[in-house]
Amino acid sequence: MEEAKGDSKMESQMMRFNNLSMPMPILGKDVSFVNLHGGFTHILASTFESIEDVAKYVHHPVHVEFGNLYHHNLEKFLIFDYKPTIFLP
């Protein structure tokens, strides 16, 4: 994200997610001192109960509107979905 466009704009646009009936994404900013972020400086993370909930979220009109409003402020972005695995000893 270009710093000139700023975190405040991102935060204000994130408030649009308050209308979703799904989990509000968590906004975070890279604070690592090892500088291995590969140019990615921010993260939006969401947790869902099921794959079906992810599909509903992706196609939800508020999510689509947010993407359309905000993606032009990004130099690059990465989207990935994963199912966490717990490794027990």
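Residues numbered from 1 in each chain as written. Predicted model: local features only at pLDDT ≥ 70, side-chain atom pairs only at ≥ 80, totals over all residues. Heavy atoms only, no water.

Enquirer: Looking at this structure, how should I read the overall build of the protein chain?
Expert: The secondary structure content of the protein chain amounts to three helices and two strands. Element order for the protein chain, N to C, with α for helix and β for strand: α-β-β-α-α. Evaluated residue by residue, the protein chain yields a buried proportion of 18% over its 89 residues. Considering only contacts within the protein chain whose residues lie at least 6 apart along the sequence, 58% involve residues at least 24 apart. In the structure as shown, the protein chain presents an accessible area of about 7,100 Å², 61% of it carried by carbon and sulfur atoms. (Helix = DSSP H or I, 4+ residues; strand = E, 2+ residues; numbered from the N terminus. Buried < 20%, exposed > 50% of the residue type's maximum accessible area, 1.4 Å probe, protein only. Contact = heavy atoms within 4.5 Å. Areas by Shrake-Rupley, 256 points an atom, 1.4 Å probe, with all protein chains shown as cover.)

Enquirer: I tried to follow helix α3 (residues 61-70) on my own but got confused; where do I start?
Expert: Of the residues making up α3, those classed as buried are Val62, Phe66 and Tyr70. Down the axis of α3, the buried side of the element spans an arc of 50°, and every buried residue falls inside it. In α3, those exposed residues whose orientation departs by more than 90 degrees from the buried face are Pro61 and Asn68. (Arc of directions from axis to C-beta.)

Enquirer: What exactly am I supposed to notice about the packing of aromatic side chains here?
Expert: The geometry of an aromatic ring pair is captured by the separation of the ring centres together with the interplanar angle, meaning the angle of the planes. A complete count under the given rule lists two aromatic pairs for this structure. The interplanar angle of 50° and the centroid separation of 4.9 Å between the aromatic rings of phenylalanine 48 and tyrosine 57 together place this pair among those described as tilted. Overall, the relative accessible area of 10% leaves tyrosine 57 in the buried class. When the ring centre of phenylalanine 40 is taken as reference, the NZ or CZ atom of lysine 76 above it lies at 4.6 Å. (Phe/Tyr/Trp six-rings, centres within 6.5 Å; stacked < 30°, edge-to-face > 60°. Lys NZ or Arg CZ within 6 Å of the ring centre and 35° of its normal.)

Enquirer: How do you make sense of unusual backbone geometry when you look at a structure like this?
Expert: Among all residues save glycine, negative phi is the norm, and among peptide bonds the norm is trans. Its identity as a non-glycine residue notwithstanding, asparagine 35 has a phi of 55°, on the positive side. Here asparagine 35 shows up in the loop between β1 (26-29) and β2 (42-45).

Enquirer: Help me understand the packing of helix α2 (residues 51-59) against α3 in this model?
Expert: When two helices pack together, you describe them by how their axes are tilted relative to each other and by the distance separating the axes. Direction vectors running N to C along α2 and α3 enclose 55°, while the axes themselves pass 5 Å from each other. Classified by the angle between their axes, α2 and α3 sit oblique to one another. Touching Tyr57, Val58 and His59 of α2 are Pro61, His63 and Val64, all from α3. (Axes fitted to C-alpha atoms, helices over the stretch in contact; angles between N-to-C directions. Parallel < 35°, antiparallel > 145°, perpendicular 65-115°, else oblique.)

Enquirer: Would you take a moment to explain the environment of serine 32 for this structure?
Expert: Within the element layout of this structure, serine 32 appears in the loop between β1 and β2. Take serine 32: its relative accessible area is 37%, and that puts it in the partly exposed class. Here valine 34 takes part through its backbone nitrogen, which lies 3.1 Å from a polar atom of the side chain of serine 32. (Polar contact = N/O pair within 3.5 Å; in protein donor to acceptor, adjacent residues only side chain to side chain.)

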